[in-house]
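This is what each chain is made of:
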Amino acid sequence: MGCKKVTKEGIIIDSKQILEIAVRAADSKHAEDIMALDVHEISLLADYFVICSGNSERQINAIVDEIIEQVEKQQVEVKRVEGKDGGKWVLIDLSDVIIHVFSNSERDFYNLEKLWSDAPLVDINEWVVE
């Protein structure tokens, strides 16, 4: 966990810093019910999953665009973005941090929180405005 990466500019950034950038970006676009799961001990996919919701396709796209913009400002590579055209569930792969941005109905249907319930929650309270 906390794997360090060296960006193109020689800056060292770890997965928890990437997590913070993503959570703050999602919050800045009023993403709902943002949660971060520490999955490093139960998944080979990533260190963290972020799950959040938007009320409309427009808001979901704004959340996704802001996350991408903010991580790219820090020279973090966006491996891929899936589902942006559908507007109901968008996945942003940042390698060690995977972001899931859902519509409310899709989030309820897929219930990733339950699927990954073995993963401890990360305290993100200091990164979000309440």
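The coordinates are above.
What counts and what doesn't
Residues numbered from 1 in each chain as written. Predicted model: local features only at pLDDT ≥ 70, side-chain atom pairs only at ≥ 80, totals over all residues. Heavy atoms only, no water. Helix = DSSP H or I, 4+ residues; strand = E, 2+ residues; numbered from the N terminus. Rg over C-alpha atoms; globule rule 2.2 N^0.38 Å. Buried < 20%, exposed > 50% of the residue type's maximum accessible area, 1.4 Å probe, protein only. Contact = heavy atoms within 4.5 Å. Areas by Shrake-Rupley, 256 points an atom, 1.4 Å probe, with all protein chains shown as cover. Lys, Arg positive; Asp, Glu negative; His and termini not counted. Charge placed at Lys NZ, Arg CZ, Asp CG, Glu CD. Core = buried A, V, L, I, M, F, W, Y, C linked by side-chain atoms within 4.5 Å.

*Asks:* Honestly, the overall build of the protein in this entry has me stumped. Any pointers?
*Replies:* If you tally the helices and strands in the protein, you get 4 helices and 7 strands. Going from N to C terminus, the protein has its helices and strands arranged as β-β-α-β-β-α-β-β-β-α-α. Its C-alpha radius of gyration of 14 Å places the protein within 12% of the 14 Å reference for a compact globule of 130 residues. With the C-alpha coordinates aligned to their principal axes, the bounding extent of the protein is approximately 40 × 30 × 30 Å. For the protein, buried positions account for 48% of its 130 residues. Residue pairs at least 24 apart in sequence account for 57% of intrachain contacts in the protein once pairs closer than 6 positions are excluded. Carbon and sulfur atoms make up 47% of the accessible area of the protein, which totals about 7,300 Å². The positive charge centre, built from 14 side chains, and the negative charge centre, built from 26, are 4 Å apart in the protein.

*Asks:* Help me understand the nonpolar core, please; the structure alone is not making it clear to me.
*Replies:* Soluble, globular proteins show a tendency: their nonpolar side chains are buried together. Of all hydrophobic cores here, the largest spans 31 residues; its most connected members are Leu19, Ile34, Ile67 and Ile99. Elements with a minimum of two residues in this core: helix H1 (15–28), strand S3 (32–38), strand S4 (48–54), helix H2 (57–73), strand S6 (89–93) and strand S7 (97–103). A total of 7 residues in this core trace back to one element, the largest contributor, which is H1. Discounting chain neighbours no more than four positions away, the residues touching Ile99 are Ala22, Val50, Ile67, Val90, Leu91, Ile92 and Leu94.

Bear in mind that shape data such as this cannot, by itself, settle questions of function.
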